[in-house]
Amino acid sequence: QVQLVESGGGLVQPGGSLRLSCTASGSIFSINAMGWYRQAPGKQRELVAGITTGGSTNYADSVKGRFTLSRDNAKNTVYLQMDSLKPEDTAVYYCNAVVRPGAKFREYDYWGQGTQVTVSS
């Protein structure tokens, strides 16, 4: 069983920072990509940032220059450093990983349970 465990969410004032982390565990042969999505009340889930094993990254236009995604392949962990946070960033953030389980020959999407990020004064 593959699991994604998220941490780092919380309440922060506008202009503040948070660092989210997501660790994949279980029987894993390889991870092709990891990233973060978010969903605010009344809105569709959207991609925030993603990174491949090779290090290629992409960011939503709304977070470019403020958020930084990094990955520790040895730990199967991805980090999202969020700086200059705005109230518009308030959402549930979900970790996503494209994983090949150890006993299978194809990759699957896995999702964390989500962590709440609230930006408010």
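Residues numbered from 1 in each chain as written. Predicted model: local features only at pLDDT ≥ 70, side-chain atom pairs only at ≥ 80, totals over all residues. Heavy atoms only, no water.

A. Seen up close, the state of the cysteines. Enumeration over the complete set of coordinates arrives at one disulfide. The disulfide partner of C22 is C95, and the S-S distance across this bridge is 1.9 Å. The sign of the -85° torsion about the S-S bond sets the C22-C95 disulfide as left-handed. Within this pair, whereas C22 is found in strand β3 (residues 18–25), its partner C95 is found in strand β9 (residues 91–101), the two being separated by 73 residues in sequence. Summarising the burial analysis for this pair, C22 and C95 share the class buried. (Disulfide = S-S within 2.5 Å. Helix = DSSP H or I, 4+ residues; strand = E, 2+ residues; numbered from the N terminus. Buried < 20%, exposed > 50% of the residue type's maximum accessible area, 1.4 Å probe, protein only.)

B. Seen up close, unusual backbone geometry. The residue N76 is not glycine, and still its phi comes out positive at about 50°. Tracing the chain through its elements places N76 in the loop between β7 (67–72) and β8 (77–82). Relative accessible area serves as the criterion here: at 23%, N76 is assigned to the partly exposed category. With a phi close to 50°, S84 is a non-glycine residue in the positive phi region. Mapping S84 onto the fold places it in the loop between β8 and β9.

C. Spatial organisation of the side chain of E6. Within the secondary structure, E6 sits in strand β1 (residues 3–7). There is no salt bridge for the buried E6, and the closest opposite charge comes from R45, which lies 8.1 Å off by N-O distance. A distance of 2.6 Å separates a polar side-chain atom of E6 from the backbone nitrogen of G114. Sequence-distant contacts of E6, defined by excluding residues within four places in its chain, comprise S21, C22, W36, Y93, Y94, C95, G112, Q113, G114 and T115. (Lys, Arg positive; Asp, Glu negative; His and termini not counted. Salt bridge = Lys/Arg side-chain N within 4 Å of Asp/Glu carboxyl O. Polar contact = N/O pair within 3.5 Å; in protein donor to acceptor, adjacent residues only side chain to side chain. Contact = heavy atoms within 4.5 Å.)

Everything listed here is a matter of coordinates, which is why it stays silent on function.
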